[in-house]
Amino acid sequence: MEGGAYGAGKAGGAFDPYTLVRQPHTILRVVSWLFSIVVFGSIVNEGYLNSASEGEEFCIYNRNPNACSYGVAVGVLAFLTCLLYLALDVYFPQISSVKDRKKAVLSDIGVSGEPHPAAFWAFLWFVGFCYLANQWQVSKPKDNPLNEGTDAARAAIAFSFFSIFTWDYMDPSQDSSMPYAPYVEPTGPDPAGMGGTYQQPANTFDTEPQGYQSQGY
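So, a few notes on the structure that sits alongside this text. The model shown is predicted, which means the values in this text are computed figures rather than measured ones. (Residues numbered from 1 in each chain as written. Predicted model: local features only at pLDDT ≥ 70, side-chain atom pairs only at ≥ 80, totals over all residues. Heavy atoms only, no water.)

Considerations on the overall build of the chain
Item 1. Along the chain, the regular secondary structure elements total 6 helices and 2 strands.
Item 2. Reading the chain from its N terminus to its C terminus gives the helix and strand order α-α-β-β-α-α-α-α.
Item 3. For the chain, with 217 residues in total, the buried portion stands at 35%.
Item 4. Entry remark: accessible area of the chain is about 13700 Å², with carbon and sulfur atoms responsible for 59%. (Helix = DSSP H or I, 4+ residues; strand = E, 2+ residues; numbered from the N terminus. Buried < 20%, exposed > 50% of the residue type's maximum accessible area, 1.4 Å probe, protein only. Areas by Shrake-Rupley, 256 points an atom, 1.4 Å probe, with all protein chains shown as cover.)

This is the structure:
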């Protein structure tokens, strides 16, 4: 196996940022990280409006505090998750223990790969997109006559939608460029000397006696 179990053969190598940033899973992490910042940043900064008559803030999405809270919570959790595993990608080449590498790989796959927790994250973003879009649609114009924060509210909805796809495609177990791609047993014919079942080529030996055929002169 190239690189050893979980890339152990590459342990201790120098950190190569150019190689790291070119890997598809790294690009998806960075994009998902930026999208999460847009979502929770938009809601935190401009997702709450002040009411002069009531003297208190309310959520721009139909005055529903749960909508704002959900968008912020999912965005912050996605932000921290992406940041954590970006740091793991940087530190991973320095891990020499196969057990520690295995734990890191399984943890990464458990968050964003098979058996498809990535679908769970995509589902969270899908719920967030539907929830925010619905509450924005039913918001009353009288609650925001000056249209304050409308661009930020729409941005949070749009990037929630985009995050569905970035998380859905973020499956490290399918990325062959990753330095710790798990070893897969070969399914093809076993080469000689590898312990597999040797199949004798056909017609190598012909055990059936050949009869004498006389030739006419």
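Examining the state of the cysteines
Item 1. Inspection of every chain in the model, using the stated rule, returns 1 disulfide.
Item 2. Covalently, Cys59 is tied to Cys68 through a disulfide, its sulfur atoms 1.9 Å apart. Note on the Cys59 and Cys68 pair: the S-S dihedral is about 85°, so by sign convention the disulfide is right-handed. Taken individually, Cys59 and Cys68 each receive the classification buried, so the pair is uniform in this respect. (Disulfide = S-S within 2.5 Å.)

Considering the pattern of salt bridges
Item 1. Using the criterion set out here, one finds 2 salt bridges in the structure.
Item 2. For Asp143, the salt bridge identified is with Arg63, shortest N-O distance 3.1 Å. Highlighted residues: Asp143 in the loop between helix 5 (117-137) and helix 6 (150-168) and Arg63 in the loop between strand 2 (57-59) and helix 3 (65-91), separated in sequence by 80 residues.
Item 3. Relative accessible area serves as the criterion here: at 18%, Asp143 is assigned to the buried category.
Item 4. On the basis of relative accessible area, Arg63 is assigned to the partly exposed category, the value being 31%.
Item 5. Linking Asp151 and Arg154 is a salt bridge whose minimum nitrogen-to-oxygen distance equals 3.9 Å. Of this pair, Asp151 and Arg154 both sit in helix 6, 3 residues apart, which is roughly one turn of the helix.
Item 6. By relative accessible area, Asp151 is classed as exposed at 60%.
Item 7. For Arg154, a relative accessible area of 45% gives the class partly exposed. (Salt bridge = Lys/Arg side-chain N within 4 Å of Asp/Glu carboxyl O.)

Things to note about the packing of aromatic side chains
Item 1. Evaluated as defined, the whole model comprises 11 aromatic pairs.
Item 2. Arranged with centres 5.8 Å apart and planes meeting at 70°, the rings of Phe40 and Phe79 form a pair that is edge-to-face. Here the residue Phe40 occupies a position in helix 2 (residues 24-46), and Phe79 occupies one in helix 3, the gap between them amounting to 39 residues.
Item 3. Take Phe40: its relative accessible area is 19%, and that puts it in the buried class.
Item 4. Chaining the aromatic ring pairs together yields one cluster made of Phe35, Phe129, Phe159, Phe161, Phe162 and Phe165.
Item 5. Positioned above the aromatic ring of Phe58 is the side chain of Arg63, whose terminal nitrogen or guanidinium carbon lies 3.9 Å from the ring centre. (Phe/Tyr/Trp six-rings, centres within 6.5 Å; stacked < 30°, edge-to-face > 60°. Lys NZ or Arg CZ within 6 Å of the ring centre and 35° of its normal.)

Let's talk about unusual backbone geometry
Item 1. Look at Arg63: it is not a glycine, yet its phi comes out positive at around 60°.
Item 2. The phi angle at Asn147 is positive, at roughly 55°, despite the residue not being glycine.
Item 3. By the element assignment, Asn147 lies in the loop between helix 5 and helix 6.
Item 4. Take Asn147: its relative accessible area is 52%, and that puts it in the exposed class.

Regarding the layout of surface pockets
Item 1. Here the second largest pocket defines a volume of roughly 200 Å³.
Item 2. In terms of lining, the second largest pocket is formed by 16 residues, of which the most central are Trp136, Ser139, Lys140, Pro141 and Asn144.
Item 3. Looking at the lining of the second largest pocket residue by residue, the class counts come to 7 nonpolar, 5 polar and 4 charged. (1 Å grid on protein atoms, 1.4 Å probe; cavity = no way out; pocket = protein on both sides within 12 Å on 5 of 7 lines; lining within 4 Å. Points joined across faces, edges and corners; volume = space filled by probe spheres on them. Nonpolar A, V, L, I, M, F, W, Y, C, P; charged D, E, K, R; others polar.)

Some thoughts on helix 2
Because the α-helix completes a turn every 3.6 residues, residues three or four places apart line up on one side.
Item 1. Compared with the 33 Å implied by 1.5 Å per residue over 23 residues, the 33 Å span of helix 2 between its first and last C-alpha is a close match.
Item 2. Residues of helix 2 that are buried: His25, Thr26, Arg29, Ser32, Phe35, Ser36, Val39, Phe40, Gly41, Ser42 and Ile43. (Expected span 1.5 Å × (residues − 1).)

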